[in-house]
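Architecture and fold: a report
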Amino acid sequence: MARAKKMKPTRATSTLGPADKLEIKRLSNAERSAYFSRREAAKVLRSVLEGDARRRAVGSIKSLVFRPAIRNKKGTFALVCQTLKHLAIIKNVLEASSILKGKWKRQAELIFIITYDILFGQAVSPVGDAEKFLMQWKDALQLALARLLVKEKVKTVEDLVNLNQIPEVSKPRYVRVNTLKIDVDSALLELGRQNMVQKDDVVPDLLILPPATDLHNHPLVINGSVFLQGKASSMVATALDPKPGWEVLDACAAPGNKTAHLAALMRGKGRIIACELNKERVKRLKETIKLSGASNIKVLNGDFLNINPKDPSVSTIRAILLDPSCSGSGTVSVRLDNLLPSYAAADVKDTERLNKLAAFQKKALAHALSSLGIYFKGTI
Ligand SMILES: C[S@@+](CC[C@H](N)C(=O)[O-])C[C@H]1O[C@@H](n2cnc3c(N)ncnc32)[C@H](O)[C@@H]1O
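Residues numbered from 1 in each chain as written. Predicted model: local features only at pLDDT ≥ 70, side-chain atom pairs only at ≥ 80, totals over all residues. Heavy atoms only, no water.

**Focus: the pairing of strand S6 (residues 271-276)**
It is a general feature of regular strands that their side chains alternate between the two faces of the sheet. Note the cut-off: Each residue is placed in one exposure class: buried if its accessible area under a 1.4 Å probe, protein chains only, is under 20% of its type's maximum, exposed if it is over 50%, and partly exposed if it falls in between. What counts as a helix is a DSSP run of H or I of at least four residues, what counts as a strand is a run of E of at least two, and both are numbered from the N terminus. A pair of strands counts as paired when DSSP detects no fewer than two bridges linking them. Seen with its strands pointing away from the viewer, a crossover is right-handed if its path from the first strand over the helix to the second goes clockwise.
The buried count for S6 comes to five of six residues, which makes it a mostly enclosed element. Pairing between strand S5 (residues 247-250) and S6: four bridges, direction parallel. Within S6, the residue paired with Glu-247 across the bridge is Arg-271. Direction of pairing for S6 relative to strand S7 (residues 297-301): parallel, over a ladder of five bridges. Residue pairing for S7: Ile-272 is matched across the bridge by Ile-297. Once you follow S6 into helix H16 (residues 279-292) and on to S7, the crossover reads as right-handed.

Quick look at the structure:
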């Protein structure tokens, strides 16, 4: 019989008292895993909802879940998505039962997650304060849900979800081959062992797999031989068509997918300056560059608008890849933003944000065009 894996202590366990730890020890593996997934999911949900409330993306749901700190990635991802999908119902039911008060209000995300499990998900064992608390209210929660169905004149929870839901779009899974590490045919062969794969007819180093193919743990992804990069994103460096030996400026670079693509197209020869304003995102950029294996990229943590084209260190630049911050509306279904509360309600904040983004894009484009046209030797 396979021995159960010993759980490493995590931040979730380090805050538990001895009695809780004993209770958790007595759980079956599945129950224990569900207990920890709920806490991991609550942390992700908090980041997602806080970012959404401020209309500032802290990262897509996927990128938050696939961080190394999250142990049960699949379970956590499913739990976050399902809770978001049912969030309007969950909030409604909690409000009707007047449960979310005092200390539980401060742990609202965990309460949302456990309520999801109680009403729609897997059985909840009464271990952990929040679980014990909510299990006492199980009947009240179910009653509130039944009343909501009647009020909305629908028969099933699915109908209730569909009232506010934007239809999901199913897109193929695109994979860009990092030709610094592997050639396209070898990647195709390797990925083709378990999946249907074909080459894209526009971007030469792009492969197409069926929608929702899960590759995040695939060895080629982990070792940077392929990048999970969409078609639109992969078309940009392809269109720029930089030649080996060129000097290229990636003006707004993090997380670095297009920077890494530039390096592959330039076969590692020449020089790339990857400029990124946000200090935190610079870390991500550096990780991507490391993973790509490129050694000709210089990272610059600063404002692209402050780059002085007369500066001798940039005067030999031949091309600029400009991918400034945008609304992300084209990637809503990929980022799963359609699950977020703000998605349904466009408000004044959104208009302000869009105007700011548009103003920055205009400025950045003007700076790039004037730099290239007047100072740098290249063309656009
Ligand atoms: C759309 S993302 C770039 C995505 C990236 N090209 C890729 O493919 O992975 C825009 C990036 O520009 C950065 N940014 C915004 N304003 C900037 C500025 N003035 N100078 C440099 N970077 C900036 C943002 O922090 C963000 O990381």
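**As for the nonpolar core**
Side chains of a nonpolar character, in soluble globular proteins, are inclined to be buried together. Put simply, the rule is: Here, nonpolar core refers to any group of buried Ala, Val, Leu, Ile, Met, Phe, Trp, Tyr and Cys residues whose side-chain atoms link them within 4.5 Å.
Counting residues in each nonpolar core, the largest one holds 43 residues, and the members touching the most others are Leu-84, Val-93, Leu-94, Phe-112, Leu-134 and Leu-141. Of all the elements in the fold, those that place two or more residues in this core are helix H3 (29-53), helix H4 (61-65), helix H5 (73-85), helix H6 (87-96), helix H8 (108-119), helix H9 (129-136), helix H10 (138-151) and helix H11 (157-164). Counting residues per element, this core draws most heavily on H8, at nine residues.

**Here's the deal with the pattern of salt bridges**
Put simply, the rule reads: Whenever Lys or Arg places a side-chain nitrogen within 4 Å of a carboxyl oxygen from Asp or Glu, that contact is recorded as a salt bridge.
Scanning the entire structure with this criterion turns up 13 salt bridges. Between Asp-214 and Lys-74 there is a salt bridge, with the nearest N and O atoms lying 3.7 Å from each other. In this pair, Asp-214 sits in the loop between strand S3 (206-209) and helix H13 (219-222) while Lys-74 sits in helix H5, placing the two residues 140 residues apart along the sequence. Here Asp-214 falls in the partly exposed class, since its relative accessible area comes to 43%. Judged by relative accessible area, which is 60%, Lys-74 ranks as exposed. In this structure, Glu-190 and Arg-193 form a salt bridge, with 3.4 Å as the shortest nitrogen-oxygen distance. When its relative accessible area of 32% is taken as the criterion, Glu-190 is described as partly exposed.

**Looking at the sheet that holds strand S4 (residues 226-227)**
Operational definition: Whether two residues touch is decided by their heavy atoms; if any such pair falls within 4.5 Å, the residues are in contact. The axes are straight lines fitted to the C-alpha atoms, using for helices just the contacting stretch, and the angles between their N-to-C directions are given from 0 to 180°.
Pairing is antiparallel in the open sheet, where four strands are placed in the order S2-S3-S1-S4. Taken across any chain shown, the strands that pair with only one partner, and hence form the sheet edges, are strand S2 (198-199) and S4. Sheet analysis places strand S1 (residues 173-177) next to S4, joined by two bridges and oriented antiparallel. Note on S4: the bridge partner recorded for Arg-176 is Phe-227. Helix-sheet contacts for helix H15 (residues 257-265) involve S1 and S4, and the interaxial angle to S1 is about 45°.

**Observations regarding the site of the ligand**
Just so we agree on the cut-off: Only a single heavy atom is needed: when it lies within 4 Å of a molecule or strand, its residue is near that molecule or strand. Residue burial considers only the protein chains on display, and all accessible areas are found by Shrake-Rupley using a 1.4 Å probe. Residues were grouped as follows: Ala, Val, Leu, Ile, Met, Phe, Trp, Tyr, Cys and Pro as nonpolar; Asp, Glu, Lys and Arg as charged; and all remaining residues, including Gly, as polar.
As a matter of local geometry, the ligand sits amid 19 residues, with Lys-258, Glu-276, Arg-281, Asp-303 and Asp-323 nearest to it. In the complex, 89% of the free accessible area of the ligand, which totals 610 Å², lies under the protein chains. A class-by-class count of the residues in the shell around the ligand yields nine nonpolar, five polar and five charged.

**Here we look at the packing of aromatic side chains**
In this description, an aromatic ring pair is defined by two values, namely the gap between the centres and the angle between the planes. Which entries qualify depends on this criterion: Two aromatic rings, drawn from Phe, Tyr or Trp (for Trp, its six-membered ring), form a pair once their centres lie within 6.5 Å of each other, and the interplanar angle then sorts them: stacked below 30 degrees, edge-to-face above 60, tilted otherwise.
This structure, assessed with the given rule, holds three aromatic pairs. Pairing Trp-104 with Phe-133 gives two aromatic rings, centres 4.6 Å apart and planes at 10°, and the pair type is stacked. Here Phe-133 lies in helix H9 and Trp-104 lies in helix H7 (residues 102-106), a separation of 29 residues in the sequence. Overall, Trp-104 belongs to the buried group, its relative accessible area being 11%. An angle of 45° between the planes, with centres 5.7 Å apart, marks the rings of Tyr-116 and Phe-120 as tilted. Accessibility expressed as a relative area gives 9% for Tyr-116, which makes it buried.

**Examining unusual backbone geometry**
Across the chain, the bulk of peptide bonds are trans and the bulk of non-glycine residues have phi less than zero. Ala-254 connects to Pro-255 through a cis peptide bond whose omega is 5°. Inspection of the secondary structure puts Pro-255 in the loop between S5 and H15. Its identity as a non-glycine residue notwithstanding, Asp-241 has a phi of 55°, on the positive side. Tracing the sequence through the fold places Asp-241 in the loop between helix H14 (231-240) and S5. If you check the backbone angles, Arg-267 has positive phi at about 50° while not being a glycine. Turning to its location among the elements, Arg-267 is positioned in the loop between H15 and S6.

**Re the packing of H14 against H15**
Basically, it comes down to this: Any angle from 65 to 115 degrees is called roughly perpendicular, while one under 35 is roughly parallel, one over 145 is roughly antiparallel, and all others are oblique. Handedness of each helix crossing follows the sense of rotation of the near helix against the far helix: counterclockwise by less than a right angle gives left-handed, clockwise gives right-handed.
Closest axis-to-axis distance for the H14/H15 pair is 9 Å, and the angle between their directions is 40°. For the element pair H14 / H15, the angle class is oblique. In the crossing of H14 with H15, the sense of the turn from one axis to the other is right-handed. Where H14 approaches H15, its residues Ser-233, Ser-234, Val-236, Ala-237, Thr-238 and Leu-240 are matched on the opposing element by Lys-258, His-261, Leu-262 and Leu-265. A breakdown of the residues in the contact of H14 with H15 according to their chemical character gives five nonpolar, four polar and one charged.

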